[in-house]
Amino acid sequence: MSLVKKNIAASFISNGLGAILAIAFVPVYIHFLGIESYGLIGVSVTLQGMLTLLDMGLSVTLNREMARLCAQGNKAQEMRNMVRTLELIYWAVAALIGITVFAFAPVIAHRWVHASQLSQETITQAIRIMAVIIAVQWPFSLYSGGLLGLQRQVLLSAIMVSIALTRSLGAVFILWKVSPTIQAFFSWQIVTALLQTVLAALLLWRNLPVADCRASFQRDLLRRTWRFAAGMSGISVTVLILTQTDKVILSRLLPLELFGYYMLAAGVAAAPMILVSPFFTAMYPRFTQLVTLGDQLGLKEIYHQSCQSLAAIILPIAIVMAFFSREILFLWTRNAAIAEQAHLILSLLVTGFTLNGLMNLPYALQLAHGWTKLAFYVNVAAVILLVPLVIILTISYGGVGAAIVWVILNGGFVLINIQLMHRRLLIGEQWRWYFEDVGIPLVAAAGAASLCFALFTANISGLQLLTGLTVITLFIMAVTLLATPATRLTLVRYIKSWRVRVENI
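Residues numbered from 1 in each chain as written. Predicted model: local features only at pLDDT ≥ 70, side-chain atom pairs only at ≥ 80, totals over all residues. Heavy atoms only, no water.

Caption draft 1: View of the overall build of the protein chain. Check the secondary structure of the protein chain and you find 22 helices and 0 strands. The C-alpha radius of gyration of the protein chain comes to 23 Å, within 12% of the 23 Å expected for a compact globule of 505 residues. Its C-alpha atoms put the protein chain at 60 × 60 × 55 Å along the principal axes. Entry remark: accessible area of the protein chain is about 22,400 Å², with carbon and sulfur atoms responsible for 67%. Charged side chains of the protein chain number 33 positive and 18 negative; the gap between the two group centres comes to 5 Å. (Helix = DSSP H or I, 4+ residues; strand = E, 2+ residues; numbered from the N terminus. Rg over C-alpha atoms; globule rule 2.2 N^0.38 Å. Areas by Shrake-Rupley, 256 points an atom, 1.4 Å probe, with all protein chains shown as cover. Lys, Arg positive; Asp, Glu negative; His and termini not counted. Charge placed at Lys NZ, Arg CZ, Asp CG, Glu CD.)

This is how it looks when you write it as structure tokens:
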């Protein structure tokens, strides 16, 4: 198995398991904590998302620099100095974030969160614990970026799987045996976040090539990479606004209970992005290496193959979730009220998330070329249009209105961004992307899903419902994989290889 395939497989395992654990334990958390305290978990996620702009593009910069320097060879000292330079900056930012959030916890609790059951004191304590979590977890993004640039996804995945298991199982034990409070839940998150960051740091330094001198802070490295980092920082700011506006507005306008429903739907809708992340983390450094080596032919082929493979995998899952959102929510939560409140939001959000996911590999191609302006300018234009639209539709239609905006946003990216990108990179390849990379798997998955939806019997529950949805998903996945050129070719190769092995036995 090639290194790229190993990295994709490892990322699938870690991200998939992490998603399964996160989704599976939500009903348990709600059982112990209640929907308002679960809404505070949503506030924590939103707060962390808002603060990603302070990353300043450094984690993605380290990813790119590690991949580029690996391709050039004999750059051990420069690689170690780069890690040390960005590491010191990152820890300083982490400390500043933690102190600031801790100090402003009473203001956040009083002016942002609206609760009918939780006291202001409880909310303030929870937010102060969030501050510590953010501070100790923050540098993990940098260390993981370095490991990804070195193409050590297998090691990174091992860390993430171990921490995900420890975090989820430990949280349930704490809530069950120690204290069923949001303070206890967040306190356990501090322990696991710190452990995750320390392990990632140790493994990154251990996997860097040996150099003659100790690693040191180098201002010259910042001067060389500041343009790319500044571009990534600008993109991060606009992405933050685009992805968190709905949550900020809803958390401010809606009661905490209704905000909890929206965050629950958003958590489930993000499932396709879990399948996207392994492709991005594996292909971004590979794209960077091919760009560094000037291999345009190899870059074009691996770009289209990876885009087709990604579409063939995420579209069947996303379409099943969009068509059968009510059934999925009821099967997951066993709560008809939650399914009724959140199913339309889930259908809309999963559509938006999937459109966003399809843009990840074209975005990786842009970053591999060090081109950040396109994504930044497109995002700025989207923000100008999006923010007032989110406010208007949220006030009029609540969570459903915010979800509609998310579909509009990402649909615009697919229609506009691809056209603009392929005027400069892999010129003229946009039509192959639309019709072959995305169009074929989309038509195949949507056609199969429409047939299944027409034949589906709604009056079933429990094990029958689970079995039915599983069969439907596998059927749509099989149809899509066979219809998509890249995945069909891969399946044919595996079948031929399997036949040869059988014949040689």
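Caption draft 2: The packing of helix α17 (residues 360-368) against helix α19 (residues 399-421), seen in detail. For the pair α17 and α19, the least separation of the axes is 11 Å and the interaxial angle reads 35°. Every pair of crossing elements has a handedness; the one defined by α17 and α19 is left-handed. Of α19, the residues touching α17 (which contributes Pro362, Leu365 and Gln366) are Asn417, Ile418 and Met421. The class makeup of the residues in the contact of α17 with α19 is 4 nonpolar, 2 polar and no charged. (Axes fitted to C-alpha atoms, helices over the stretch in contact; angles between N-to-C directions. Left-handed = near helix turned anticlockwise from the far one by under 90°. Contact = heavy atoms within 4.5 Å. Nonpolar A, V, L, I, M, F, W, Y, C, P; charged D, E, K, R; others polar.)

Caption draft 3: Just the pattern of salt bridges, in detail. Inspection of the entire model under this criterion finds 3 salt bridges. Glu436 is paired through a salt bridge with Arg432; the nearest N and O atoms lie 3.7 Å apart. Here the residue Glu436 and the residue Arg432 both occupy positions in helix α20 (residues 430-455), the gap between them amounting to 4 residues, near one helical turn. When its relative accessible area of 25% is taken as the criterion, Glu436 is described as partly exposed. For Arg432, a relative accessible area of 25% gives the class partly exposed. (Salt bridge = Lys/Arg side-chain N within 4 Å of Asp/Glu carboxyl O. Buried < 20%, exposed > 50% of the residue type's maximum accessible area, 1.4 Å probe, protein only.)

Caption draft 4: Representation of the environment of Pro278. Position of Pro278 among the secondary structure elements: in helix α13 (residues 271-293). Along the sequence, Pro278 and Ser14 sit 264 residues apart, while their C-alpha atoms lie 9.0 Å from each other.

Caption draft 5: Spotlight on empty space enclosed by the protein. Following the criterion strictly, the structure yields 2 cavities of 30 Å³ or more and no others. Volume-wise, the second largest cavity comes out at about 30 Å³. Those elements giving two or more residues to the lining of the second largest cavity turn out to be α11 (219-253), α18 (373-397) and α19. Tallying contributions element by element places α19 first for the lining of the second largest cavity, with 3 residues. Taken together, the residues of the lining of the second largest cavity break down into 6 nonpolar, no polar and 1 charged. (1 Å grid on protein atoms, 1.4 Å probe; cavity = no way out; pocket = protein on both sides within 12 Å on 5 of 7 lines; lining within 4 Å. Points joined across faces, edges and corners; volume = space filled by probe spheres on them.)

Caption draft 6: Main features of the nonpolar core. Residues Met66, Phe185, Phe186, Leu349 and Trp433 are the most contacted members of the largest nonpolar core, which totals 151 residues. In terms of residues, this core owes the most to one element, helix α14 (residues 296-323), which gives 11 residues. With residues up to four places along the chain from it excluded, the contact list for Phe185 reads Tyr29, Leu33, Ile41, Ala171 and Leu175. (Core = buried A, V, L, I, M, F, W, Y, C linked by side-chain atoms within 4.5 Å.)

Caption draft 7: Structural detail: the environment of Ala109. In this structure, Ala109 sits in helix α6 (residues 105-111). Note on Ala109: relative accessible area 0%, which makes it buried. When the C-alpha atoms of Ala109 and Thr124 are compared, they prove to be 5.4 Å apart, with 15 residues separating the residues in sequence. Every residue in contact with Ala109, bar those within four places of it in the chain, is listed here: Gln120, Ile123, Thr124 and Ile127.

Caption draft 8: Representation of the packing of aromatic side chains. Tallied over the entire structure, the rule returns 13 aromatic pairs. With a centroid separation of 5.6 Å and an interplanar angle of 80°, the aromatic rings of Phe323 and Phe453 are classed as edge-to-face. With Phe323 in helix α14 and Phe453 in helix α20, this residue pair connects regions lying 130 residues apart in the sequence. Its relative accessible area of 30% is what places Phe323 among the partly exposed residues. The class for Phe453 is partly exposed, based on a relative accessible area of 44%. (Phe/Tyr/Trp six-rings, centres within 6.5 Å; stacked < 30°, edge-to-face > 60°.)

Caption draft 9: Structural view of helix α7 (residues 120-137). For α7, which comprises 18 residues, the first-to-last C-alpha distance of 25 Å matches the rise-based estimate of 26 Å (1.5 Å per residue) to within 8%. Those residues of α7 lying buried are Thr122, Ile123, Thr124, Ala126, Ile127, Ile129, Met130, Ala131, Ile133, Ile134, Ala135 and Val136. (Expected span 1.5 Å × (residues − 1).)

Caption draft 10: Looking closely at a nonpolar patch on the surface. A surface patch of nonpolar side chains, amounting to about 370 Å² of accessible area, comprises Phe173, Trp176 and Val178. Considering the arrangement of structural elements, one finds Phe173 in helix α9 (residues 153-178). (Patch = residues over 30% accessible without salt bridge, like charges linked within 9 Å, V, L, I, M, F, W, Y side chains within 5 Å.)

Caption draft 11: Examining the confidence of the model for the protein chain more closely. In the predicted model, the protein chain carries a mean pLDDT of 82, and 90% of its residues have values of at least 70. Taken element by element, the protein chain is modelled with least confidence in helix α1 (residues 3-24), mean pLDDT 69, and with most confidence in α14, mean pLDDT 92. (pLDDT = per-residue confidence, 0-100.)

Caption draft 12: Layout of unusual backbone geometry. Here the phi dihedral of Leu426 falls at roughly 45°; this positive angle occurs in a residue that is not glycine. Along the chain, the position of Leu426 falls in the loop between α19 and α20.

Caption draft 13: Expanded view of α13. Relative to the 33 Å expected for 23 residues at 1.5 Å per residue, α13 spans 35 Å between its end C-alpha atoms, a close match to the ideal helical length. At Met283, α13 shows its largest bend, some 25°, and a proline, Pro285, comes one to four positions later. Phi turns positive one or two residues past the end of α13, at Gly294, with a value near 75°. (Bend = angle between axes of the 7 residues up to and from the residue.)

Caption draft 14: Structural view of the packing of α14 against α17. For the pair α14 and α17, the least separation of the axes is 9 Å and the interaxial angle reads 155°. The angle between α14 and α17 falls in the class roughly antiparallel. Residues Leu299, Tyr303, Ser306, Cys307 and Leu310 of α14 pack against Leu361, Pro362 and Leu365 of α17. (Parallel < 35°, antiparallel > 145°, perpendicular 65-115°, else oblique.)

Caption draft 15: Seen up close, the side chain of Gln196. Examined against the element boundaries, Gln196 turns out to sit in helix α10 (residues 182-207). In this view, Gln196 contacts Gln137, Phe140, Ile159, Ile163 and Arg167; residues no more than four positions away in its chain are not counted.

Caption draft 16: Fine view of the environment of Gly352. The topology assignment puts Gly352 in helix α16 (residues 336-358). Classification of Gly352 by relative accessible area gives buried; the value is 0%. Leave out the neighbours within four places in its chain, and Gly352 touches Trp406, Val407 and Asn410.

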